[in-house]
Amino acid sequence: MAWHSVAKTSDVTEGEVIGVEVEGTPLALYNLDGEYFATHNVCTHAFALLSDGYVDDGKIECPLHQGIFDIRSGKAEEGPVDEDLKTFAVKVEGDELFVEV
């Protein structure tokens, strides 16, 4: 696994999600109260980009069928989802976000 620069901290607005791709892996980046997280960007239930979803109270809701995942752990919590999301380590150096993929 290697660390990859994926975005500036200012690119990830608090309480929002953005999608990026690293070495062919689609990632969703989140800013929760100034803490940054990364999950796989594709819902585990059916193909939908979580970066098009809705963030609320530390959860991401899939835009296709409203399945809900915990952003911090990737745990599938509600709806038709039953498989957890893969999560990735994030580190901040200055104003740069790095994800270990």
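Please refer to the structure placed before this passage.
Report on the accompanying structure. In this numbering scheme, every chain counts its residues from 1 along its sequence in written order. Where local features are concerned, this predicted model is filtered to residues with pLDDT of at least 70; where side-chain atom pairs are given and counted, the filter is 80 or more; whole-chain, interface and lining totals use all residues. Hydrogens are left out, water is left out, and the side-chain values use all remaining heavy atoms of the structure.

**Quick word on the overall build of the protein chain**
- Looking only at helices and strands, the protein chain features zero helices and eleven strands.
- Elements are defined by DSSP. Helices are runs of H or I of four residues or more, strands are runs of E of two residues or more, and each kind is numbered from the N terminus. In sequence order, the protein chain lays out its α and β elements as β-β-β-β-β-β-β-β-β-β-β.
- Taken over C-alpha atoms, the radius of gyration is set against a globule rule of 2.2 Å times the number of residues to the power 0.38. Against the globule reference of 13 Å for 101 residues, the protein chain gives a C-alpha radius of gyration of 12 Å, in line with a compact fold.
- Taken along the three principal axes of its C-alpha coordinates, the protein chain extends 40 × 25 × 20 Å.
- Per-residue accessibility, obtained with a 1.4 Å probe over protein chains only, is compared with the maximum for each type, and a residue is labelled buried under 20%, exposed over 50%, and partly exposed between these values. Put simply, the protein chain has 101 residues, and 45% of those count as buried.
- Note on contacts: a residue pair qualifies if any of its non-hydrogen atoms lie within 4.5 Å across the two residues. Within the protein chain, counting contacts between residues at least 6 apart in sequence, those at least 24 apart form 38% of the total.
- Working note: accessible area of the protein chain is about 5300 Å², and carbon and sulfur atoms make up 43% of it.
- If you average the places of the 6 positive and of the 21 negative side-chain charges in the protein chain, the two averages end up 6 Å apart. Methods summary: accessible areas were calculated by the Shrake-Rupley approach with a probe of 1.4 Å, and residue burial reflects only the protein chains presented. The positive count covers Lys and Arg only, the negative count covers Asp and Glu only, and His and the chain ends enter neither. For the purpose of locating charges, the reference atoms are NZ of Lys, CZ of Arg, CG of Asp and CD of Glu.

**Focus on the packing of aromatic side chains**
- For Phe, Tyr and Trp, where Trp contributes only its six-membered ring, two rings pair if their centres lie within 6.5 Å, and the inter-plane angle classes them as stacked under 30 degrees, edge-to-face over 60, or tilted in between. Counted under the stated rule, the structure contains zero aromatic pairs.
- One residue, Lys 91, lies across the ring of Trp 3, its end atom 4.6 Å from the ring centre.
- For Lys 91, the ring lying beneath its charged end belongs to Phe 98, and the centroid distance is 5.8 Å. A ring is considered to have a charge above it if a Lys NZ or an Arg CZ atom is located within 6 Å of its centre and within 35 degrees of its normal.

**Some words on the pattern of salt bridges**
- Within this document, salt bridges are pairs made up of a side-chain nitrogen of Lys or Arg and a carboxyl oxygen of Asp or Glu, the two lying within 4 Å of each other. A complete count under the given rule lists five salt bridges for this structure.
- Two residues, Asp 70 and Lys 59, come together in a salt bridge whose shortest N-O distance is 3.2 Å. Taken as a pair, Asp 70 in strand S7 (residues 68-70) and Lys 59 in strand S6 (residues 59-61) lie far apart in primary sequence, eleven residues in all.
- On the basis of relative accessible area, Asp 70 is assigned to the buried category, the value being 12%.
- Close ionic contact of Lys 91 with Glu 93 constitutes a salt bridge, the shortest N to O distance being 3.4 Å.
- Put simply, Lys 8, Asp 95 and Glu 96 are held in one network by salt bridges that share partners.

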